[in-house]
Amino acid sequence: MDKINAGLIMLAEMREKLPPSEKKVASFILDYPTQAIKMTAVELGEASHTSSAAVIRLCKSLNISGVQELKLRIAGDLQHTKTVDRDIEANEALPSIVEKVTMQSSEILAQTANLIDIVELERAVTALSQARKIIFFGVGASGIAAMDADQKFLRINKNSRAFMDLHLGATAVVNAQEGDVVVGISFSGETHEVAKILEIARETPATTISLTRYGSSLAASLADICLYVSPNVEATFRSGATSSRLAQLLVIDILFMGVVTSAYEQTVDYLDETRSVIQGLHKKVAKRKNKIK
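Here's what I pulled together on the structure shown here.

Analysis parameters
Residues numbered from 1 in each chain as written. Predicted model: local features only at pLDDT ≥ 70, side-chain atom pairs only at ≥ 80, totals over all residues. Heavy atoms only, no water. Helix = DSSP H or I, 4+ residues; strand = E, 2+ residues; numbered from the N terminus. Buried < 20%, exposed > 50% of the residue type's maximum accessible area, 1.4 Å probe, protein only. Contact = heavy atoms within 4.5 Å. Areas by Shrake-Rupley, 256 points an atom, 1.4 Å probe, with all protein chains shown as cover. 1 Å grid on protein atoms, 1.4 Å probe; cavity = no way out; pocket = protein on both sides within 12 Å on 5 of 7 lines; lining within 4 Å. Points joined across faces, edges and corners; volume = space filled by probe spheres on them. Pairing = 2+ DSSP bridges. Axes fitted to C-alpha atoms, helices over the stretch in contact; angles between N-to-C directions. Parallel < 35°, antiparallel > 145°, perpendicular 65-115°, else oblique. Left-handed = near helix turned anticlockwise from the far one by under 90°. Nonpolar A, V, L, I, M, F, W, Y, C, P; charged D, E, K, R; others polar. Right-handed = clockwise from strand over helix to strand, strands pointing away. Expected span 1.5 Å × (residues − 1). Patch = residues over 30% accessible without salt bridge, like charges linked within 9 Å, V, L, I, M, F, W, Y side chains within 5 Å. Salt bridge = Lys/Arg side-chain N within 4 Å of Asp/Glu carboxyl O. Core = buried A, V, L, I, M, F, W, Y, C linked by side-chain atoms within 4.5 Å.

A closer look at the overall build of the chain
Assigned secondary structure in the chain consists of 14 helices and five strands. Counting all 293 residues of the chain, 46% fall into the buried class. For the chain, the share of sequence-separated contacts (at least 6 apart) that also reach a separation of at least 24 residues comes to 70%. Accessible area of the chain: about 15,500 Å², with a carbon and sulfur share of 57%.

Looking at unusual backbone geometry
It is generally the case that most residues other than glycine have a negative phi and that most peptide bonds are trans. Look at H49: it is not a glycine, yet its phi comes out positive at around 60°. Mapped onto the elements, H49 comes out in the loop between α4 (41–47) and α5 (52–61). Looking at H49, the relative accessible area reads 69%, which means it is exposed. A positive phi angle, close to 65°, is found at N157, a residue other than glycine.

Describing empty space enclosed by the protein
What the rule picks out here adds up to one cavity of 30 Å³ or more. If you add up the space inside the largest cavity, you get close to 40 Å³. The wall of the largest cavity is formed by L115, I116, D117, C226, L227, Y228 and V251. Broken down by element, the lining of the largest cavity gets its largest block of residues, three residues, from strand β5 (residues 225–229).

Considering the pairing of β5
Burial analysis of β5 places four of its five residues in the buried class, the great majority of the element. Taken together, the five bridges between strand β4 (residues 207–213) and β5 define a ladder with parallel strand orientation. Paired with R213 across the two strands is V229, which belongs to β5.

Some remarks on the packing of helix α10 (residues 166–173) against helix α11 (residues 192–202)
Running from amino to carboxyl end, α10 crosses α11 at an angle of 15°, the nearest separation of the two axes being 9 Å. With respect to their mutual orientation, α10 and α11 come out roughly parallel. Relative to α11, α10 is oriented so that their crossing is right-handed. Taking contact as the criterion, the partners of L166, G169, A170 and V173 in α10 are, on α11, E193, K196, I197, I200 and A201. By residue class, the composition of the contact of α10 with α11 is six nonpolar, one polar and two charged.

Looking at the pairing of strand β3 (residues 180–185)
The buried fraction of β3 amounts to six of the six residues, a majority that puts the element mostly inside the structure. In β3, alternate side chains face the same way, and those of D180, V182 and G184 on one face and V181, V183 and I185 on the other are all buried. Examined bridge by bridge, strand β1 (residues 133–137) and β3 share five bridges and lie parallel to one another. Across the sheet, F136 pairs through a bridge with V183, a residue of β3. As paired strands, β3 and β4 are joined by five bridges and run parallel to one another. Bridge pairing in β4 places V183 opposite I209. Chirality of the crossover, the property in question, places the unit of β3, α11 and β4 among those that are right-handed.

Let's talk about helix α2 (residues 20–31)
For an α-helix the count is 3.6 residues per turn, leaving residues at separations of three or four pointing the same way. Given a rise of 1.5 Å per residue, 12 residues ought to cover 16 Å, and the 16 Å separating the end C-alpha atoms of α2 matches this to within 8%. The complete set of buried residues in α2 reads E22, V25, A26, S27, F28 and I29. Its buried side turned inward, α2 meets α1 (7–14), α3 (33–36), α4, α5 and α6 (67–79).

Looking at a nonpolar patch on the surface
A cluster of nonpolar side chains, V277, I278 and L281, forms an exposed patch at the surface whose accessible area comes to about 270 Å². Relative to the elements of secondary structure, I278 occurs in helix α14 (residues 264–292).

Quick word on the side chain of T112
Here T112 lies in helix α7 (residues 94–115). Judged by its relative accessible area of 0%, T112 is buried. When residues no more than four places from it in sequence are discounted, the contact partners of T112 are Y228, V229, S230, A247, L250 and V251.

Digging into the nonpolar core
In terms of nonpolar packing, the biggest core is built from 32 residues, with L128, F153, V183, I209 and L255 touching the most fellow members. Elements supplying a minimum of two residues to this core: α8 (118–130), β1, α9 (141–155), β3, β4, β5 and α13 (243–262). Ranked by the residues each element gives to this core, the list is headed by α13, at eight residues. For I209, the contacting residues outside a window of four places in its chain are A124, L128, V181, V182, V183, G184, L198, A223, I225 and L227. Ranked by size, the runner-up nonpolar core spans 25 residues in total, among them A6, F28, A36 and I64.

Any functional reading would require information beyond the geometric quantities listed.
Right under this line is the structure:
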């Protein structure tokens, strides 16, 4: 399925980081998206008091193929009814909480899927598939995502480790070799510890991957391969702990499935073996409980 959304998100997130002429084009499109999708590059340049060249440069800055793709993405956004992003209120009814959290989570997952760059994703899957050793690093809620990635890749016999402590992570990364992969996870992309780990890894032969919110960030600037999640800001009670974490887990699941399919027969055998062992452990525990009774 072709991705046709996330154009307005990309423009809004990147606007303040763009050169002046591209920023003017982005501002015009954000202010008048319905009109913009009907315009050519020349018309967009005139309407934004810039030029068609500025419009083309804007598309390059957004890492998309051209004006047509940008317009298709924006048209997709306009057809999509956005979830009202209201926070949870005092004494709110549980059915309303269920609806709000579910709709917000569904929206951020869909936006993240639309922001995935298939070329970068393929590079990441290839690096992880061929990795001699994989180190995942994150702190706070992003540390949970790192631990989830670790347990998934361990199940397919990958030499994987997850760290949430800067000192331990640095100790593991500093000796990284050719063929190793270091994955830094930070929603903001500005987390000091994650940036430091990627900075250390950059001095080694290892391949570095960042997983951050869409847009320019310190972590992304230090990585060889950049993957993104939706940059939507969380409501107060969901800050940093739910929707953004779900988006990170979505990308990790996609990476995992990509690695599994790249060596399907072998990885499925590993998954079957680990499943059998876990089931065997549960049976042994059940037998011991029965004996005690």
